[in-house]
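# Descriptive structure summary
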There are 2 protein chains.
Amino acid sequence: MIKKELTPAQLGNVTIDDSFWAPRIEINRERTIPYEYKMFKATGRMDSLKLGWEPGKEPVPHFFWDSDIYKWIEAASYSLTTHPDSQLDSLIDGLVGLITKAQQPDGYLNTYYTVVEPGKRWTNLRDRHELYCAGHLLEAAVAHFQATGKRTLLDVACCYADYIDTLFGSKPGKKPGYPGHEEIELALIKLYQVTGERRYATLSKFFVDERGQQPHYYDREATERGEDPTKFWAGTYEYNQSHKPVREQNEAVGHAVRAMYLYSGMADVAAEFGDEQLRTACDRLWNNLTSKRMYITGGIGPSRYNEGFTEDYDLPNETAYAETCAAVGLVFWAHRMLQFECDGHYADVMERALYNGALSGVSLDGEKFFYGNPLTSLGNHHRQEWFECACCPPNIARLIASLGKYVYSQSETDAIVHLYVGGSASLHVAGQTVGLRMDTRYPWDGKVIIAVEPGTPASFGLKLRIPAWCREFSLRVNGMEAKSLQPKHGYLRIEREWKAGDCIELSLSMPIELVRAHPEVREDIGCVAIQRGPLVYCLEQVDNKVPLHRIVLPEDTKLKARFEQDLLDGVVVIHDDAFVVDDSDWDAQLYRVAKEQRKCFKISAIPYYAWDNRESGKMRVWTRTDT
Amino acid sequence: MIKKELTPAQLGNVTIDDSFWAPRIEINRERTIPYEYKMFKATGRMDSLKLGWEPGKEPVPHFFWDSDIYKWIEAASYSLTTHPDSQLDSLIDGLVGLITKAQQPDGYLNTYYTVVEPGKRWTNLRDRHELYCAGHLLEAAVAHFQATGKRTLLDVACCYADYIDTLFGSKPGKKPGYPGHEEIELALIKLYQVTGERRYATLSKFFVDERGQQPHYYDREATERGEDPTKFWAGTYEYNQSHKPVREQNEAVGHAVRAMYLYSGMADVAAEFGDEQLRTACDRLWNNLTSKRMYITGGIGPSRYNEGFTEDYDLPNETAYAETCAAVGLVFWAHRMLQFECDGHYADVMERALYNGALSGVSLDGEKFFYGNPLTSLGNHHRQEWFECACCPPNIARLIASLGKYVYSQSETDAIVHLYVGGSASLHVAGQTVGLRMDTRYPWDGKVIIAVEPGTPASFGLKLRIPAWCREFSLRVNGMEAKSLQPKHGYLRIEREWKAGDCIELSLSMPIELVRAHPEVREDIGCVAIQRGPLVYCLEQVDNKVPLHRIVLPEDTKLKARFEQDLLDGVVVIHDDAFVVDDSDWDAQLYRVAKEQRKCFKISAIPYYAWDNRESGKMRVWTRTDT
């Protein structure tokens, strides 16, 4: 029976004190989380919990406003876990009080359907987000309980989950429905893991397995609403991944955030139930996504139309939707796949999405956001202070606040380092608590020093990830070079009797590389992207005062890396001679027969995650190359 | 005082009997024109003329249906001019009868406002097309009169124009309005030229000059309808070129067809009134359009959103709208500019649009049409049997039926050949009728033989266009090489005393060329288009069984031309060795560091106008090159 090999480190057992992530976590705590609270309050989301809305009043509570508050509580709870703050604790308690009061006697909890459309509960699972909001409540409750030990929100969540469990299922009299926007599947597994109540896991498995079965629930439901099911506004059930049973799905389709939450839930259910077939479906979807449908930034879902997937290799840059939430969701899914099997392929994708397509979603000052994350901008795409649909801001906040979870895993035999983030951790390995202390300037530098501190000397494996982008590395154990060790599935495993004071020095070579996309990606053909370590770079207008599309980066360009402390909170800039196509001999012609003329031009590239934090302008990730 | 230097040959004085256009004109006559009649009838357009519509009946006459019928009558009348056909003559008479009966006692003539919204005449010049439909009536009437000598439709047109003239103008009590969709401006000039009634020209000038004046007519009109003028659905008056007075306009903006009809009308008014300032405005707009906003096919208006223009050098290929009507409109405008001044720049653009972006609009069998003419297709753009908005089919039909008008011009001193189309013509030059007989396989071959047949020997200039794409030519006059003659403004002028039997042999070198776009066209950078003579070529999937975006055409590729009689009604195919990017060593990776691998690949390109006439698939005009 399959199960997850690894368990992630507990968030509370990890501290982060490096120069890259620690400042971002601090800004997340001190700026983003308070800012989002303020915005949620200002837009009426907090008030809507009081159920005081009446017809004619503005603003009308939106049908997924609840989820924003829950995601905020989740982010704030993670922050409390690593950084106690009584004021924030009280703010959360205030919201928990409102939520508790908003819960109906039968356990139901949804402000929209309680005040705006009472009597219409569960009549449109396809489009309205009751189960989605419920899922976020469960996630928030678990995080809040784990952070504070308080059962207040957890009790509300269990009460609601119990109520949902009475309504949905395959037994006669129950609704064989499932959410149009997945989320509750993974949340129910979390709730089960915290409460030990197996029926939450069983309900999650029901939602996963019922999805896409015939006769199709959304057909029946639409007919009951008096609608023609064939007139579904999104055109296809691929939109919400209910076009066929999940075990038969082979391709990442539809709305990208929904897909990521579903696939995460599928991975969780597969692990909890030892369900090999479901795990295999996850693998198929993973392979399709990561080998054919993912931007180099880890952004996913190219199309604005369905906020999601189109077809293999269709990865347009200018019109890339690549929603922040979708990249965050990919981190979630990759992290789950990685616990199944300690394979660098999962960690590589997790790292790619984290450092690029997800991190780009929030400004350096923590108070402006990207919803979409295109790979080319003509100068008209900018970070916004807010969105009408504000799903992305709390999503990136909860990811950053919980970063510690993603850095390490543990198993009976191994302590595992997935990401190189300076700080320390306590892991449970070989029957005891093992301390790890990591020092590194990653992602700017590939040198990592890890001190291993078992309580008592003990034999176990220390697994260190060798990223796919790293082609050369060296390792020293207590100062002695360890040449014979070779990575397996992307990880070096150092097995020995570890004792306090043992020290590992890993040096990952981090050259500047010009990466190509598969030739079938038509928008990238003839182009390269600059990558160094885990970071994808881009050219921004403010640093490159020529039309960006005219820059040519020959494949043999010798680029240089230089750390600039005062730029963008400190980044490694990549720079040096390339070319720009000249038009000085073109006059007023629009078309002509002539050789292209080029001039030397010194380019300057910055990490993609940091773009649009200065004066606005054009941006490009993929740059034309020579051959 | 400026005026048009040249007058075009009369359509009835030109015959076309070559192997390229004559078959297209025949298909237009025998297939397209009857097919369009059938479709207009089937869709209810003919019946709507009977004014029998009542609320609740389907179909509801559309507010610009009349224009489709008028354009069809215009096309059919041109066809009658060169190819008498009593059956077609009767069909037209039938329609003229209906139109005559549909005209209201006061002269008003618009089926929509007569039956669907009676009482709302002239309340929405901005969006509804009363003046546009009226313009097409006038053009049809002039063509019908010139073709048949019958005054039936001309009388209707004059009566309507007289009525319009009583309503619109700057005098107190008249409406200072003008059409939201331009067309009547150029039509009133035609009506003036045929009737000699100067007030039609004066009314045209009023419409041209009132456009965009403040206070803005469309603001006032919207307010009178009880609407907020700032809520104009198109967002900006650039949409209909009324954002400022036309004499102050510098850039081709808004809806492309509207722009072409306006600029054509401006050129006509400038000529009729010797209005230098207006001519200068035309030149500015011309320079902007042709040096910054025109596809290599002569297609214009990149954006589907406004069916029109965006900004300089924004010429996306996949999403190119490039409506057939807009390319047809560009032919109209270029032809008018060319009569002002015999400059090859105008004729080059006219030829480019005619042979490529306009001609592509109709299938080889004459019964399928393109509305948009993109320069890259991912396989999902196909010729349609019909459109809900059916403006393009009769527009391309009237252009092809009247092609003879575009081939020659005449002045007091010169007989001028703009286009090389085999056939004969009678021109009025030097006080007498001069016959020209042209034989050529153009556009497949650059050799042109012209026999000059003046009634009596006479001195005048014969001007022959040397296209901008032609870098070498040779000329023989009665067998003697004429080496010293050099083209001026794109035309060779041979002045001598011509006598019957004189013969000119012009050989235009027609090599295959790889053309580049200005470096500021970001979608074409690093790419070339294949051009030979006036024809732009494209790669179609059916001939090139590899992903088209992977083809690389190095600049020094030696391509070959081969005429294939049985392909696409006979075309010169361009073919030979190029490269295709190989993916056989890519496995399942999506991104990697590696040199691009290429294989030899024999490409085969066909003229752009002929694409999508075989099995459906992808298509590309711009192909990646090497340096």
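Residues numbered from 1 in each chain as written. Chains lettered and ligands numbered in written order. Predicted model: local features only at pLDDT ≥ 70, side-chain atom pairs only at ≥ 80, totals over all residues. Heavy atoms only, no water.

The secondary structure content of chain A amounts to 16 helices and 23 strands. For the C-alpha atoms alone, the extent of chain A along its principal axes is close to 75 × 70 × 45 Å. Looking at chain A as a whole, 64% of its 627 residues qualify as buried. In chain A, the 72 positive side-chain charges and the 88 negative ones have mean positions that sit 1 Å from each other. (Helix = DSSP H or I, 4+ residues; strand = E, 2+ residues; numbered from the N terminus. Buried < 20%, exposed > 50% of the residue type's maximum accessible area, 1.4 Å probe, protein only. Lys, Arg positive; Asp, Glu negative; His and termini not counted. Charge placed at Lys NZ, Arg CZ, Asp CG, Glu CD.)

Another aspect to go through is the interface of chain A and chain B. Contacts between the two partners involve 46 residues from chain A, matched on the other side by 46 residues from chain B. When the two sides are added together, the surface that chain A and chain B hide from each other amounts to roughly 3,900 Å², 58% of it contributed by carbon and sulfur. Linking chain A to chain B there are eight salt bridges. Summed over the shared surface of chain A and chain B, the result is 20 residue pairs in polar contact (both at pLDDT 80 or more). The dominant element in the side of chain A that touches chain B, judged by the number of residues it contributes, is strand 14 (residues 512-517) of chain A, at five residues. For the side of chain A that touches chain B, the class distribution of residues is 21 nonpolar, seven polar and 18 charged. Across two bridges, the pairing between strand 20 (residues 591-592) of chain A and strand 14 (residues 512-517) of chain B is antiparallel. Each bridged residue has a counterpart across the sheet, and for Arg592(A) the counterpart in strand 14 of chain B is Arg516(B). (Contact = heavy atoms within 4.5 Å. Buried area = accessible area lost by both parts, 1.4 Å probe. Salt bridge = Lys/Arg side-chain N within 4 Å of Asp/Glu carboxyl O. Polar contact = N/O pair within 3.5 Å; in protein donor to acceptor, adjacent residues only side chain to side chain. Nonpolar A, V, L, I, M, F, W, Y, C, P; charged D, E, K, R; others polar. Pairing = 2+ DSSP bridges.)

Our focus in this paragraph is the pattern of salt bridges. Tallying each qualifying case throughout the model produces 126 salt bridges over all chains. The partner of Asp314(B) in a salt bridge is Arg522(B), with the nearest N and O atoms 3.1 Å apart. Separated by 208 residues along the polypeptide, Asp314(B) in the loop between helix 12 (276-292) and helix 13 (324-340) and Arg522(B) in the loop between strand 14 and strand 15 (527-532) bring together distant segments of the chain. Residue Asp314(B) shares its accessibility class with Arg522(B), and that shared class is buried. Through salt bridges with shared partners, one network takes in Arg516(A), Glu555(A), Lys595(B), Glu596(B), Arg598(B), Arg624(B) and Asp626(B).

This paragraph deals with helix 8 (residues 184-195) of chain A. All names here are of chain A. For helix 8, spanning 12 residues, the distance from its first C-alpha to its last is 16 Å, which sits close to the expected 16 Å at 1.5 Å a residue. Burial analysis of helix 8 places nine of its 12 residues in the buried class, which makes it a mostly covered element. Buried within helix 8 we find Ile184, Glu185, Leu186, Ala187, Leu188, Ile189, Lys190, Leu191 and Tyr192. Of the residues flanking the end of helix 8, it is Gly196, one or two places downstream, whose phi is positive at about 75°. (Expected span 1.5 Å × (residues − 1).)

The transform that puts chain A on chain B rotates by 180° and translates by 0.0 Å along the axis, for an RMSD of 0.0 Å. Expressed as a symmetry operation, the mapping of one chain copy onto the other fits a two-fold axis. Using C-alpha coordinates, one finds that chain A approaches the rotation axis most closely at Asp626(A), a distance of 3.3 Å. In this assembly, 100% of the residues forming the interface of chain A have copies in chain B that are likewise at the interface, indicating an isologous arrangement. (Least-squares fit on C-alpha atoms with pLDDT ≥ 70 in both.)

Residue and element names in this part refer to chain A. On the basis of which strands lie adjacent, the open sheet formed by seven strands has the order 2-6-7-8-13-10-11 and antiparallel pairing. In the strand order of this sheet, the two ends are held by strand 2 (14-16) and strand 11 (480-481), each with one partner. Bridge count between strand 10 (residues 473-477) and strand 11: two bridges; the pairing is antiparallel. Looking across to strand 11, one finds that Arg476 is bridged to Glu481.

Our next topic: the sheet that holds strand 6 (residues 423-429) of chain B. The seven strands are arranged 2-6-7-8-13-10-11 (chain B) in an open sheet whose pairing can be described as antiparallel. Of all strands in the sheet, those with a lone pairing partner are strand 2 (14-16) and strand 11 (480-481) of chain B, marking the two edges.

Residues and elements named next belong to chain B. According to the stated counting rule, one finds zero disulfides over all chains in the structure shown. The thiol sulfur of Cys325 is not disulfide-bonded, and the nearest other cysteine sulfur, from Cys392, lies at 3.5 Å. For Cys325, a relative accessible area of 1% puts it in the buried group. (Disulfide = S-S within 2.5 Å.)

On to the side chain of Arg532(B), then. Residues and elements named next belong to chain B. Its location among the elements puts Arg532 in strand 15. For the buried Arg532, no salt bridge exists, and the shortest N-O distance to an oppositely charged side chain is 5.8 Å, to Asp445. One polar contact links the side chain of Arg532 to the main-chain carbonyl oxygen of Met510, over a distance of 3.3 Å. When near neighbours in sequence (up to four residues on either side) are disregarded, Arg532 contacts Pro443, Trp444, Met510, Pro511, Ile512, Tyr537, Ala561, Val572 and Ile574.

Residues and elements named next belong to chain B. Within the secondary structure, Leu553 is located in the loop between strand 17 (551-552) and strand 18 (560-564). A residue is classified by how much of its surface remains accessible, and Leu553, at 0% relative accessible area, is buried. Residues Leu553 and Thr623, spaced 70 residues apart in sequence, show a C-alpha to C-alpha distance of 6.7 Å. Beyond its immediate stretch of four places on either side in the chain, Leu553 contacts Leu514, Val528, Ile530, Leu559, Ala578, Ile603, Thr623, Arg624, Thr625 and Asp626.

If a strand is regular, its side chains alternate between the two faces of the sheet. All names here are of chain A. The buried count for strand 19 (residues 571-581) comes to nine of 11 residues, which makes it a mostly enclosed element. With two bridges joining them, strand 17 (residues 551-552) and strand 19 adopt antiparallel strand pairing. By the bridge assignment for strand 19, Ile551 is matched with Val580. Of the pairings in the sheet, the one linking strand 18 (residues 560-564) to strand 19 comprises five bridges and is antiparallel in character.

Moving on: the packing of aromatic side chains. On inspection of all chains with the given rule, the structure shows 80 aromatic pairs over all chains. Summarising the aromatic geometry, the rings of Trp233(A) and Tyr239(A) are spaced 5.0 Å apart at their centres and angled 70° between planes, so their arrangement reads as edge-to-face. Judged by centre distance (5.9 Å) and plane angle (80°), the rings of Tyr108(B) and Tyr160(B) are edge-to-face. On the criterion of sequence distance, the pair formed by Tyr108(B) in the loop between helix 4 (86-102) and helix 5 (111-116) and Tyr160(B) in helix 7 (residues 152-167) is long-range, its members being 52 residues apart. Exposure class is identical for Tyr108(B) and Tyr160(B). Each is buried. Taken together, the ring pairs connect Phe20(A), Trp21(A), Tyr355(A), Tyr420(A), Tyr442(A), Trp444(A), Trp469(A), Phe563(A) and Tyr609(A) into an aromatic cluster. The ring of Phe63(A) carries Arg128(A) above its face, with NZ or CZ at 4.7 Å from the centroid. Across the ring face of Trp586(A), the terminal group of Arg592(A) is positioned such that the distance to the ring centre comes to 4.1 Å. (Phe/Tyr/Trp six-rings, centres within 6.5 Å; stacked < 30°, edge-to-face > 60°. Lys NZ or Arg CZ within 6 Å of the ring centre and 35° of its normal.)

Residues and elements named next belong to chain B. When the terminal C-alpha atoms of helix 11 (residues 256-273) are compared, their 25 Å separation across 18 residues agrees well with the 26 Å that a helix rising 1.5 Å per residue should span. In terms of burial, helix 11 is largely enclosed, as 16 of its 18 residues are buried. Positive backbone phi, approximately 55°, marks Gly274, located one or two places after helix 11.

This part is about the packing of helix 11 (residues 256-273) of chain A against helix 13 (residues 324-340) of chain A. All names here are of chain A. Between helix 11 and helix 13, whose axes approach to 8 Å, the crossing angle comes to 15°. On the basis of the axis angle, helix 11 is roughly parallel to helix 13. Note on packing geometry: the crossing formed by helix 11 with helix 13 is left-handed. From helix 11, Ala256, Val257, Met260, Tyr261, Tyr263, Ser264, Ala267, Asp268, Ala270 and Ala271 reach across to helix 13, where they touch Cys325, Ala326, Gly329, Leu330, Phe332, Trp333, Arg336, Met337 and Phe340. When the residues that make up the contact of helix 11 with helix 13 are grouped by side-chain class, the tally is 15 nonpolar, two polar and two charged. (Axes fitted to C-alpha atoms, helices over the stretch in contact; angles between N-to-C directions. Parallel < 35°, antiparallel > 145°, perpendicular 65-115°, else oblique. Left-handed = near helix turned anticlockwise from the far one by under 90°.)

With the exception of glycine, the majority of residues adopt a negative phi angle, and the majority of peptide bonds are in the trans configuration. All names here are of chain A. At the junction of Gln214 and Pro215, the peptide bond is cis and its omega measures out at -10° in the coordinates. Here the amide bond leading from Tyr442 into Pro443 is cis, since omega sits at 5°, within 30 degrees of zero. Its location among the elements puts Pro443 in the loop between strand 7 (432-440) and strand 8 (447-454). Phi angles above zero are rare outside glycine, and Asp576 is one such case at about 135°.

Take the pairing of strand 10 of chain A next. As judged from the five bridges shared by strand 10 of chain A and strand 13 (residues 502-508) of chain A, these two strands associate in the antiparallel manner. Within strand 13 of chain A, the residue paired with Leu475(A) across the bridge is Leu506(A).

Attention now goes to the confidence of the model for chain A. Per-residue pLDDT for chain A averages 96, and the proportion of residues at 70 or more is 100%. Interface confidence in the predicted complex, given as ipTM, is 0.95; pTM for the same model is 0.94. (pLDDT = per-residue confidence, 0-100.)

Here we come to the environment of Gly180(B). Residues and elements named next belong to chain B. If you trace the backbone, Gly180 turns up in the loop between helix 7 and helix 8 (184-195). Classification of Gly180 by relative accessible area gives buried; the value is 0%. Residues Gly180 and Leu131 lie 49 residues apart in sequence; the distance between their C-alpha atoms is 8.2 Å. Gly180 has contacts with Leu125, Arg126, Arg211, Tyr218, Asn240 and Arg258, leaving out every residue within four places of it along the chain.

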